[in-house]
Amino acid sequence: MERIPNESFYGCNNLEFVSVKAKYIGKNAFSYCDDLYFFQLELLESVSKDAFRDTAVQMVYPGARSQLKKKLKYSAFNERDSGFLCLGFEMKYKDSGKLDLREYEDAFGEDAASVFQFTSRNSEILRIERDGQTYTATGAGTVSLQCNLFEAFKDDMMDNDLYIYICGDSSSVYATVSYTFWQQLIRIFLFGWLWY
């Protein structure tokens, strides 16, 4: 579906879970859907003002928060506590550390950092150690991450909708690695693409 038109599901009170791939969400498309609590969205380009007016939806977006903010040109969420769970990480080339899992705390509580472990599908962009969280950014680009749960949490989380989306077979958790301004200069003027 390319577009969700204005007022498509306005006041639809029996709607609890929505999973959709769309580029545009129209005005009041899901407004006053009192039961809507989980909205999984991909391919987003823009969201109209008041698209989710008066809902307490938790929106899940497969990318980092800064990427989502660029797409939200208006206040799409109003009046109630709504939130974004952004399934993505952003880092600079040669960065290292632990994947920041604070984004997941609203959905999984303060123990979110100890729930998830990740493996990189392309170690030429991002290398993740055996602990599932310590990373080194080894190249620029976007890489898909496979998410798993630590063994101690599997029984508790298997029926959780967010877990199914994050750690499912078609999970959409990404890491984007980019160069700083100075790193770009090194690559261009000092032939850094050969040695840096």
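What you see is a predicted model, and the numbers here were worked out from it, not measured in a lab.

Here is what the cut-offs are and how they apply
- Residues numbered from 1 in each chain as written.
- Predicted model: local features only at pLDDT ≥ 70, side-chain atom pairs only at ≥ 80, totals over all residues.
- Heavy atoms only, no water.
- Helix = DSSP H or I, 4+ residues; strand = E, 2+ residues; numbered from the N terminus.
- Buried < 20%, exposed > 50% of the residue type's maximum accessible area, 1.4 Å probe, protein only.
- Contact = heavy atoms within 4.5 Å.
- Areas by Shrake-Rupley, 256 points an atom, 1.4 Å probe, with all protein chains shown as cover.
- Pairing = 2+ DSSP bridges.
- Axes fitted to C-alpha atoms, helices over the stretch in contact; angles between N-to-C directions.
- Patch = residues over 30% accessible without salt bridge, like charges linked within 9 Å, V, L, I, M, F, W, Y side chains within 5 Å.
- Salt bridge = Lys/Arg side-chain N within 4 Å of Asp/Glu carboxyl O.
- Phe/Tyr/Trp six-rings, centres within 6.5 Å; stacked < 30°, edge-to-face > 60°.

Notes on the overall build of the protein chain
Across its full length, the protein chain carries 7 helices and 14 strands. Here the protein chain holds 196 residues, and the buried ones make up 44% of them. For the protein chain, the proportion of contacts with a sequence separation of at least 24, taken over those separated by at least 6, is 47%. With the model as given, the accessible surface of the protein chain reaches about 10900 Å², and the carbon-plus-sulfur share is 48%.

Concerning the sheet that holds strand S12 (residues 134-137)
Strand-to-strand pairing in sheets goes through backbone hydrogen bonds, with the strands running parallel or antiparallel. With antiparallel pairing, 3 strands are arranged side by side in an open sheet as S9-S12-S11. At either end of the open sheet lies a strand with only one pairing partner, and these are strand S9 (96-98) and strand S11 (126-128). Here the average twist between neighbouring strands, direction ignored, is 25°. Sheet topology note: the S9/S12 ladder contains 3 bridges and is antiparallel. Paired with Ser96 across the two strands is Thr136, which belongs to S12.

Regarding the pairing of strand S4 (residues 38-42)
Extensive coverage of S4 is indicated by the burial of 5 of its 5 residues. On S4, burial covers both faces: Phe38, Gln40 and Glu42 on one face and Phe39 and Leu41 on the other are all buried.

Examining a nonpolar patch on the surface
On the surface, a cluster of nonpolar side chains totalling about 350 Å² of accessible area is made up of Ile188, Phe189 and Leu190. Inspection of the secondary structure puts Ile188 in helix H6 (residues 181-189). Here Ile188 falls in the exposed class, since its relative accessible area comes to 53%.

Observations concerning the packing of aromatic side chains
Going through the model one piece at a time under the given rule, you end up with 6 aromatic pairs. With a centroid separation of 5.0 Å and 10° between ring planes, the pair formed by Phe9 and Phe30 is classed as stacked. Residue Phe9 is found in the loop between strand S1 (3-4) and strand S2 (17-21), and its partner Phe30 is found in the loop between strand S3 (24-25) and S4; the two are separated by 21 residues along the sequence. On the accessibility criterion, Phe9 (33% relative accessible area) is partly exposed. Since its relative accessible area comes to 1%, Phe30 is described here as buried. Consider the rings of Phe30 and Phe52, whose centres lie 5.5 Å apart with planes at 10°: the pair is stacked. Residue Phe30 is located in the loop between S3 and S4, and its partner Phe52 is located in the loop between strand S5 (46-47) and strand S6 (58-61); the two are separated by 22 residues in the primary sequence. For Phe52, a relative accessible area of 0% corresponds to the buried category. Here the aromatic cluster, defined as three or more aromatic residues joined through ring pairs, consists of Phe9, Phe30 and Phe52.

By themselves, these observations are geometric and do not establish any function.
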